[in-house]
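# Residue-level structural notes
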Amino acid sequence: MQAQRFLCLLGISAAILTAGCSMGTPGLAPTGQAPSVAPTSLFGRSLLRAAKAGLYVGEFYGTSVYGFRRSGKGAAVCTISGVSSVNDLASDAKGDIIEPDGGGRELRVFRPNCGAALGVVPDPYGQPADATSVNAASDTIAIANIFGPQRTNGSISLCSLKGGCTTNLTNPNMYEVTGVAMSKGGDCWASAEDANSHANLTYFKGCKGSGETAKGFINPAFGGLDFDAAGNLVSFSGASAQLYVYSGCNPRCKLAGGPFSMAGTSAYGHLNKTHDMLAVADYQHGQIDLYTYTPTIVNYVGSFNSGLSQTLDVVGVTYAPH
């Protein structure tokens, strides 16, 4: 099964460019390797008592999702095995883990603390790279397909564990789609690049129709999306290592905060349940960077890399519950 990966198009390294991405025909989904001896956590030694996972991390070239303590301290406390070509990760309000599996062309949902799989949904519309849902077990799941079948334009799929994927949202400006957000009111947004590598944001009112290109969206590059407590759209600009915060974007955006410089090149990140901490997957340095968050102030507070491998590309991270 072929798997195209948007990070290659950002030009991270020569090694990545030889993996078969934008420089030619997409390559096979790579077989990952489990991390070897874990690097030292920047937060100190591992705790010995039993702990529940509250922060989940994925590596694109890896085969596992790792559950860490919410603080990031110590080694991973649980593992979800058998994943492939994972870009972003997500969680819902209950703490279920949403894993867009690019290699398998499917979306998987797991119970908290690396628990049992709640379901698997084949994605007929392309390679899933990002996803979001308020309640993944029973409600709609919106999936960002980085590309469609045979490297056609990317899209947003609307799916559920019970009914599968039934709707596919497209727009001519959406060539490569990396991020998706869905409001409680039932609207959808897609972060994408067009065929000329220009970043754009597409708004789908009611998650229907052909969408509208958002005005006032000034990200130099595309990336993941999230919502904060005030309903602002938190938007990553991956290649420029920046974070933007917008209000509105329905379809006119107003800059509410930023741009904020990230500690490393990052395309995905998510806020915690109380929306005052932001975890960011820093693939430049192979670690997770943590920040305190308000719409107007984002401060770096530390990083951890215990059990993670820079060569496997640390791409996805989410707090759970979200």
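Quick note: structure is the one above.
Figured I'd write up the structure that's included with this text. No experiment lies behind these values; they were computed from the predicted model shown.

Across its full length, the chain holds two helices and 24 strands. The buried share among the 322 residues of the chain stands at 57%. The contacts in the chain between residues at least 6 apart in sequence include a share of 50% that link residues at least 24 apart. Surface accessibility of the chain: about 12,300 Å² in total, with carbon and sulfur atoms responsible for 52%.

With the rule as written, the count across this model stands at four disulfides. Cys159 shares a disulfide with Cys165; S-S distance 2.1 Å. Across the S-S bond linking Cys159 and Cys165, the dihedral sits near 95°, which makes this disulfide right-handed. Here the two residues Cys159 and Cys165 agree in accessibility, since each one is buried. Two residues share a disulfide in this structure: Cys188 and Cys207, whose sulfurs sit 1.9 Å from each other. An S-S torsion of about 90° defines the bridge between Cys188 and Cys207 as right-handed. Here Cys207 lies in the loop between β14 (199-204) and β15 (212-213) and Cys188 lies in strand β13 (residues 188-193), a separation of 19 residues in the sequence. For Cys207, a relative accessible area of 7% corresponds to the buried category.

This paragraph deals with the sheet that holds strand β19 (residues 253-261). Taken together, four strands build an open sheet; the order of strands is β16-β17-β18-β19 and the sheet is antiparallel. Bordering the open sheet on either side are β16 (225-227) and β19, each of which pairs with just one other strand. The average angle at which neighbouring strand axes cross in this sheet is 25°, direction not considered. Relative to strand β18 (residues 242-248), strand β17 (residues 233-237) runs antiparallel, the two being bridged by five bridges. Across the sheet, the residue bridging to Ser237 is Gln242, located in β18.

Time to look at the sheet that holds strand β22 (residues 287-293). Each strand in a sheet pairs with another by means of backbone hydrogen bonds, the pair being arranged parallel or else antiparallel. Taking strand neighbours across the sheet as the criterion, the four strands line up as β20-β21-β22-β23 in an open arrangement whose pairing is antiparallel. What marks the edges here is a single partner per strand, and that holds for β20 (266-271) and β23 (298-304). Taking the axes of each pair of neighbouring strands and ignoring which way they run, one obtains an average angle of 25° across the sheet. Examined bridge by bridge, β20 and strand β21 (residues 277-282) share five bridges and lie antiparallel to one another. Directly across from Ser266, in β21, lies its bridge partner Asp282.

This part is about the pattern of salt bridges. Under the criterion given, the structure shown has four salt bridges. Among the salt bridges present, the one from Arg108 reaches Glu106, with a minimum N-O distance of 2.8 Å. Of the two residues, Arg108 and Glu106, neither departs from the other in class, the shared state being buried.

Another aspect to go through is the packing of aromatic side chains. A complete count under the given rule lists eight aromatic pairs for this structure. On the basis of an interplanar angle of 35° and a centroid distance of 5.4 Å, the ring pair of Phe217 and Tyr246 is categorised as tilted. Of this pair, Phe217 sits in the loop between β15 and β16 while Tyr246 sits in strand β18, and the two are 29 residues apart along the sequence. An identical accessibility class is assigned to Phe217 and Tyr246; each is buried. Site record: aromatic cluster; members linked through ring pairs are Trp189, Tyr203 and Phe227.

Here is what the cut-offs are and how they apply
- Residues numbered from 1 in each chain as written.
- Predicted model: local features only at pLDDT ≥ 70, side-chain atom pairs only at ≥ 80, totals over all residues.
- Heavy atoms only, no water.
- Helix = DSSP H or I, 4+ residues; strand = E, 2+ residues; numbered from the N terminus.
- Buried < 20%, exposed > 50% of the residue type's maximum accessible area, 1.4 Å probe, protein only.
- Contact = heavy atoms within 4.5 Å.
- Areas by Shrake-Rupley, 256 points an atom, 1.4 Å probe, with all protein chains shown as cover.
- Disulfide = S-S within 2.5 Å.
- Pairing = 2+ DSSP bridges.
- Axes fitted to C-alpha atoms, helices over the stretch in contact; angles between N-to-C directions.
- Salt bridge = Lys/Arg side-chain N within 4 Å of Asp/Glu carboxyl O.
- Phe/Tyr/Trp six-rings, centres within 6.5 Å; stacked < 30°, edge-to-face > 60°.

Limitation: the analysis is restricted to geometry and does not speak to function.
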